[in-house]
Amino acid sequence: MTSKKIVHCIFYCFIMFVAIGGLFLLLDAPFIAAAQLFIYGGAVTVLILFIVMLTVTDLHGSLRNAQSGMALLVLAFFGSVLAFAVSHTKWPVVKNPSVGTNVMGRFAEQLFKNYYFPFEIAGVLLLAALVGAIYLGREDE
Amino acid sequence: MLTLNHYLILASILFSIGLYGVVAKRNILLILVSVDFMLNAANLNLVAISKYVSPEHLYGQVFAIFVMIVTAAEVGVGLGIVVYLYRSHVSIENQEFNVMKG
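Since we're looking at a predicted model, the values are computed, not measured.

Considering the overall build of chain B
(1) Moving on: A count of helical and extended segments in chain B gives 3 helices and 0 strands.
(2) Moving on: Its helices and strands in sequence order give chain B the pattern α-α-α, from N to C terminus.
(3) Moving on: At 17 Å, chain B has a C-alpha radius of gyration far larger than the 13 Å of a compact globule built from 102 residues.
(4) Moving on: Its C-alpha atoms give chain B principal-axis dimensions of about 50 × 25 × 20 Å.

Shown next as structure tokens:
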């Protein structure tokens, strides 16, 4: 199922993140695609690789635990039920979907006019996460 | 020609893979990556439904950017916790952490 070596796992995840970024480009979301590439392809992957180097992850034997076979069965069933339900739902799809011109400009307008307050809250959340990460990572006195 | 269903089925497969990783992995780092998988699937759903159901409003893209911000915060704090646990237990195997007190 997965590679034995954890760095290989992270590298395959990087490929997956970049591929999802390509899908965002196909969906006419250029800013989301760029953010996906920067945040996931750049920051998250490098951060996780860094932590892999920092913590010697010398797991003996498999990367999976004892319940992995059962989990595989249950989640294959779950995924097929989910895909079945999704494909049999009548979505109110419009004919010839096109997001129009100037996607970036209208996206920025949406973000900084209608969703300005949540944007500020998200900034505060990032600051709190930064402080929390520094607090967790400090040396004990 | 790609339709909405293709994106949604891909996202549900991706979500199931992420959930499998969360349930079946021994390594905390891989569990964190699996959570990222699930959030990515949600993002893909948001952007795809936004394009195919109400393409002119771009609501899904705004929500996707918020999900990304929360993910960045989650990864930062999560990796901080992983390093902390590694220092206190000298292991990042999730079977080791079976007491609530530090």
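Topic: the overall build of chain A
(1) Moving on: Looking only at helices and strands, chain A has 5 helices and 0 strands in total.
(2) Moving on: Element order for chain A, N to C, with α for helix and β for strand: α-α-α-α-α.
(3) Moving on: Taken over C-alpha atoms, the radius of gyration comes to 21 Å for chain A, far larger than the 14 Å a tight globule of 141 residues would show.
(4) Moving on: Principal axes of the C-alpha set define a box for chain A whose edges measure 55 × 45 × 20 Å.
(5) Moving on: Counting only residues that meet the buried cut, chain A has 19% of its 141 residues in that class.
(6) Moving on: When contacts within chain A are restricted to residue pairs at least 6 apart in sequence, those whose partners lie at least 24 apart make up 54%.

Description of the interface of chain A and chain B
(1) Moving on: Across the boundary between the two partners, chain A contributes 62 residues, which contact 52 residues of chain B.
(2) Moving on: For the side of chain A that touches chain B, the elements supplying multiple residues, two or more each, are α1 (6-26), α2 (30-54), α3 (68-87), α4 (103-114) and α5 (116-136) of chain A.
(3) Moving on: Top element by residues in the side of chain A that touches chain B is α2 of chain A. It accounts for 11 residues.
(4) Moving on: Here the residues of the side of chain A that touches chain B are counted per class, giving 47 nonpolar, 12 polar and 3 charged.

Re the nonpolar core
(1) Moving on: Membership of the largest hydrophobic core comes to 51 residues, with the highest contact counts inside it found for F24 and I32 of chain A together with L29, V33, L44, V47 and A48 of chain B.
(2) Moving on: Of all elements in the fold, only α1, α2 and α3 of chain A together with α1 (4-24), α2 (28-53) and α3 (59-89) of chain B reach the threshold of two or more residues within this core.
(3) Moving on: Tallying contributions element by element places α2 of chain B first for this core, with 13 residues.

Describing α3 of chain B
Each full turn of the α-helix corresponds to 3.6 residues, which orients residues three or four apart in the same direction.
(1) Moving on: The end-to-end C-alpha separation of α3 of chain B is 44 Å, in line with the 45 Å expected for 31 residues at 1.5 Å each.
(2) Moving on: Once α3 of chain B ends, the next one or two residues include V90 of chain B, with phi positive near 55°.

Here we look at the domain arrangement of chain A
Note on interface size: it is often stated as the accessible area lost on association of the parts.
(1) Moving on: Considered domain by domain, chain A is made up of domain 1 (1-58) and domain 2 (103-141).
(2) Moving on: For domain 1 of chain A versus domain 2 of chain A, the distance between C-alpha centres works out to 21 Å.

Topic: the confidence of the model for chain B
(1) Moving on: Per-residue confidence for chain B averages 87 on the pLDDT scale, and 97% of its residues sit at or above 70.
(2) Moving on: Across the interface, the model reports ipTM at 0.88; the global pTM reads 0.87.

Here's the deal with the packing of α5 of chain A against α3 of chain B
(1) Moving on: One can describe the packing of α5 of chain A onto α3 of chain B by two numbers: an axis separation of 8 Å at closest approach and a directional angle of 10°. By the angle between their directions, the pair α5 of chain A and α3 of chain B is classed as roughly parallel. On α3 of chain B, the residues touching P118, A122, L125, L126, A129, L130, G132, A133 and L136 of chain A of α5 of chain A are F66, I69, V70, A72, A73, G76, V77, G80, I81 and Y84 of chain B.
(2) Moving on: Its residues assigned to classes, the contact of α5 of chain A with α3 of chain B comprises 16 nonpolar, 3 polar and no charged.

A word on unusual backbone geometry
(1) Moving on: Phi angles above zero are rare outside glycine, and D28 of chain A is one such case at about 60°.
(2) Moving on: Tracing the chain through its elements places D28 of chain A in the loop between α1 and α2.
(3) Moving on: Residue D28 of chain A is classed as partly exposed on the basis of its 19 C-beta neighbours within 10 Å.
(4) Moving on: Positive phi outside glycine occurs at L58 of chain B, with the angle close to 60°.
(5) Moving on: The topology assignment puts L58 of chain B in the loop between α2 and α3.

Some thoughts on the packing of α2 of chain A against α3 of chain B
(1) Moving on: Look at α2 of chain A against α3 of chain B: their axes get within 11 Å of each other, and the N-to-C directions meet at 5°. By the angle between their axes, α2 of chain A is roughly parallel relative to α3 of chain B. Note on element contacts: α3 of chain B touches α2 of chain A through Q61, A64, I65, M68, A72, V75, L79, V82 and V83 of chain B, opposite F31, I32, A35, I39, A43, V44, L47, I51 and L54 of chain A.

Topic: the environment of G123 of chain A
(1) Moving on: Here G123 of chain A shows up in helix α5.
(2) Moving on: A C-alpha to C-alpha distance of 28 Å links G123 of chain A and V52 of chain A, two positions 71 residues apart in sequence.

Scoring rules and cut-offs
Residues numbered from 1 in each chain as written. Chains lettered and ligands numbered in written order. Predicted model: local features only at pLDDT ≥ 70, side-chain atom pairs only at ≥ 80, totals over all residues. Helix = DSSP H or I, 4+ residues; strand = E, 2+ residues; numbered from the N terminus. Rg over C-alpha atoms; globule rule 2.2 N^0.38 Å. Buried ≥ 20, exposed ≤ 12 C-beta atoms within 10 Å, placed from the backbone. Contact = placed C-beta atoms within 7 Å. Nonpolar A, V, L, I, M, F, W, Y, C, P; charged D, E, K, R; others polar. Core = buried A, V, L, I, M, F, W, Y, C linked by C-beta atoms within 7 Å. Expected span 1.5 Å × (residues − 1). Domains from an automatic or database assignment. pLDDT = per-residue confidence, 0-100. Axes fitted to C-alpha atoms, helices over the stretch in contact; angles between N-to-C directions. Parallel < 35°, antiparallel > 145°, perpendicular 65-115°, else oblique.

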